[in-house]
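Each chain is listed here by its residues.
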Amino acid sequence: MKKFLSYLFLILLPLSVGGLSSLLTMKNMNIYSEIIAPPLSPPGILFPIVWTVLYILMGISSAIIYNSNSPKKDDALFIYGASLILNFFWSIFFFNLRNFVFSFIILLALLFLIILTVIKYYKINKLASFLQIPYVLWVAFAGYLNFFIILLN
C-alpha cells in the first residue's frame with residue numbers, strides 16, 4: 001500500500017505543478033494567435049495532451065527512483081524537483097510576462113536539469129531514466145519553438 005501511495009503522490013505531483021501553471025496562464029494562451037509561429041509549430045490542442053503524458057511519465061520515473069534502495073536517490077530526486085520548479089516558471093514568463101528571451105534561458109536550464117536527471121536516474125534504474133527521454137525531446141523541441149519565436153517576433 002505504501003508503494004502504491006508513493007506512485008500515486010509522485011504522479012499527482014507533476015500533474016499538479018502543470019495544472020497550477022496552466023491555471024495561472026490560461027488567460028494568456030491566446031499568444032499563439034498574436035505571434036508569428038515558427039515552422040513545425042504544432043496545433044495548440046496538442047500541448048496539454050503531450051504535457052499530461054509527460055507529467056505522468058515523470059511521476060512514474062520519480063516513483064521508481066523514490067522506491068529504490070539507492071543511496072543516490074535523494075540527489076537524483078533533488079535535481080528532478082529543481083526541474084519541476086523551472087518547468088512551472090517557464091510558463092509564467094512565457095505566457096503571462098511574454099518575456100521570450102528569459103523564457104528561453106529558463107528552457108536551456110531546464111533542459112540541462114532534465115538531462116542531468118536522466119543521467120542520475122540511469123545510475124539507479126534504467127527504466128526510470130528511459131521514461132524521461134520523451135521529456136528531453138519535448139523540451140528540446142520547445143526550445144526550438146521558443147528560440148524561433150524570439151527571432152520571428
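Note that the structure is predicted; figures quoted are calculated from it, not measured.

Caption draft 1: The overall build of the protein chain, seen in detail. Counting its secondary structure elements, the protein chain contains seven helices and zero strands. Listing the helices and strands of the protein chain from first to last along the sequence gives α-α-α-α-α-α-α. Relative to its length of 153 residues, the protein chain is compact, with a C-alpha radius of gyration of 16 Å against a globular reference of 15 Å. When the backbone C-alpha atoms are referred to their principal axes, the protein chain occupies close to 50 × 25 × 25 Å. For the protein chain, buried positions account for 42% of its 153 residues. Restricting the contact set of the protein chain to residue pairs at least 6 apart, pairs at least 24 apart contribute 80%. Carbon and sulfur atoms provide 75% of the accessible area of the protein chain, an area that totals close to 8,400 Å².

Caption draft 2: Just the packing of aromatic side chains, in detail. All chains considered together, the criterion is met by 18 aromatic pairs. For the ring pair tryptophan 90 and phenylalanine 95, a centre distance of 5.8 Å and an interplane angle of 90° mean the geometry is edge-to-face. No difference in accessibility class separates tryptophan 90 from phenylalanine 95, as the two residues are buried. Sitting over the ring of tyrosine 66, lysine 73 keeps its end group 5.4 Å from the ring centre. Directly above the aromatic system of tyrosine 122 lies the positively charged group of lysine 126, at a separation of 4.8 Å from the ring centroid.

Caption draft 3: Main features of a nonpolar patch on the surface. On the surface, Met1, Phe4, Leu5, Leu8 and Leu12 cluster together to form a nonpolar patch covering roughly 540 Å² of accessible area. Within the secondary structure layout, leucine 8 lies in helix α1 (residues 2–25). For leucine 8, a relative accessible area of 39% gives the class partly exposed.

Caption draft 4: Seen up close, the layout of surface pockets. Its boundaries defined by the atoms lining it, the largest pocket holds a volume of some 560 Å³. In terms of lining residues, the largest pocket is bounded by 28 residues, among which Met29, Phe47, Trp51, Ser91 and Phe95 are the most central. When contributions to the lining of the largest pocket are tallied by element, the ones reaching two or more residues are α1, α3 (46–66), α4 (73–96), α5 (100–122) and α7 (133–152). Among the residues forming the lining of the largest pocket, the class breakdown is 18 nonpolar, 10 polar and no charged.

Thresholds applied
- Residues numbered from 1 in each chain as written.
- Predicted model: local features only at pLDDT ≥ 70, side-chain atom pairs only at ≥ 80, totals over all residues.
- Heavy atoms only, no water.
- Helix = DSSP H or I, 4+ residues; strand = E, 2+ residues; numbered from the N terminus.
- Rg over C-alpha atoms; globule rule 2.2 N^0.38 Å.
- Buried < 20%, exposed > 50% of the residue type's maximum accessible area, 1.4 Å probe, protein only.
- Contact = heavy atoms within 4.5 Å.
- Areas by Shrake-Rupley, 256 points an atom, 1.4 Å probe, with all protein chains shown as cover.
- Phe/Tyr/Trp six-rings, centres within 6.5 Å; stacked < 30°, edge-to-face > 60°.
- Lys NZ or Arg CZ within 6 Å of the ring centre and 35° of its normal.
- Patch = residues over 30% accessible without salt bridge, like charges linked within 9 Å, V, L, I, M, F, W, Y side chains within 5 Å.
- Salt bridge = Lys/Arg side-chain N within 4 Å of Asp/Glu carboxyl O.
- 1 Å grid on protein atoms, 1.4 Å probe; cavity = no way out; pocket = protein on both sides within 12 Å on 5 of 7 lines; lining within 4 Å.
- Points joined across faces, edges and corners; volume = space filled by probe spheres on them.
- Nonpolar A, V, L, I, M, F, W, Y, C, P; charged D, E, K, R; others polar.

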